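Okay, here's what each chain looks like letter by letter:
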Amino acid sequence: MIKSMTGFGRCEICEDNRKFTVEMKSVNHRYLDVNLKMPKKLNFFEAAIRNLLKEYIQRGKVDVFITYEDLGQEKVSIRYNKDVAAKYLDYLRQMSADFGLEDDTKLSSLARFPEVFSMEEEEPDEEGIWKTLEKALRSAAEGFVAARVREGESLKTDLCAKLDEMKGYVDFIEERSPQIVSEYRQKLTQRVQELLGDVKADESRLLTEVTVYADKICVDEEIVRLQSHISAMKKSLTDGGSIGRKLDFLAQEMNREANTILSKTTDLELSNCGIELKTLIEKVREQIQNIE
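1. Side note on the pattern of salt bridges
Here the structure, examined in full by the defined rule, presents 20 salt bridges. With a shortest N-O distance of 2.8 Å, Asp158 and Lys162 are connected by a salt bridge. In this pair, Asp158 and Lys162 both sit in helix H4 (residues 126-196), four residues apart, roughly one turn of the helix. Classification of Asp158 by relative accessible area gives partly exposed; the value is 29%. Salt-bridge contacts for Lys167 lead to Asp171; the nearest nitrogen and oxygen are separated by 3.2 Å. Here the residue Lys167 and the residue Asp171 both occupy positions in helix H4, the gap between them amounting to four residues, near one helical turn. Relative accessible area serves as the criterion here: at 39%, Lys167 is assigned to the partly exposed category. Looking at Asp171, the relative accessible area reads 31%, which means it is partly exposed. Through salt bridges with shared partners, a single network forms among Arg10, Glu12, Lys19, Glu23 and Glu69.

2. Describing the pairing of strand E2 (residues 18-27)
Bridge analysis of strand E1 (residues 7-15) against E2 gives nine bridges, and the strand direction is antiparallel. From the neighbouring strand, Phe8 faces E2, where its bridge partner is Lys25. Linking E1 back to E2 in an antiparallel pair, the connection comprises two residues, with Asp16 at a positive phi of about 50°. Bridge count for E2 against strand E4 (residues 60-70) is 10 bridges, and the pairing is antiparallel. Bridged to Thr21 within E4 is Thr67.

Conventions adopted
Residues numbered from 1 in each chain as written. Predicted model: local features only at pLDDT ≥ 70, side-chain atom pairs only at ≥ 80, totals over all residues. Heavy atoms only, no water. Salt bridge = Lys/Arg side-chain N within 4 Å of Asp/Glu carboxyl O. Helix = DSSP H or I, 4+ residues; strand = E, 2+ residues; numbered from the N terminus. Buried < 20%, exposed > 50% of the residue type's maximum accessible area, 1.4 Å probe, protein only. Pairing = 2+ DSSP bridges.

What follows is the structure in structure tokens.
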């Protein structure tokens, strides 16, 4: 199977009071370019996320959006700093003695001094977070790939139809080319007879002229290569896999052969056929840009 480079996938998972939503979308790109947008607290998992996505995607510009909600109670703890409280109490008593003031220190007052009590967030359960996040990522990636495959199959059908049409033009060129040489010989013979009248024309000279002309307009090699490229492209589409770059190279070679045919021909029918062939090749190249 072949895959398009445009696709969309989404998954929402809620487990162990953790809710993850993952959305993925992509467009054409020469290489794999992943753009992650997620909460800062998930940055620790960036490398693991990128490695996971490489299992599903080879090419394309992919935007991945991840949202995370912790639905449990806030995981914080209160810390009592005994040494800090003791320091405050020592200084308060010293102040009482220094200035002759009553020591009216109360527990509630002491507890309000900075750093006597402090709140600390508990260490996150990284293993548990990744377990749920990985499920969401894989599910979204599977949906994303399925969308790419569906569009890829549509591209394959359309490309095969265009390749069959291209082969029809190539077959016409192959059939028409010998006729052009024969017609040229007839026209040349007729023209010489008109000029010479009853004088017999030199057959060897005519044959030489026709041979030179035939060599000049010969497109046999171009036809063979075009047929080979068309067959190779159809086989690649049937075999599937990550074939976008290979198809793009074949399309470039097809265009090169079509240009050569157009440059050699002096026949109107072949010129029109060559133009149609180039138009089809260009359409194929445009669609190939969307294949992974």
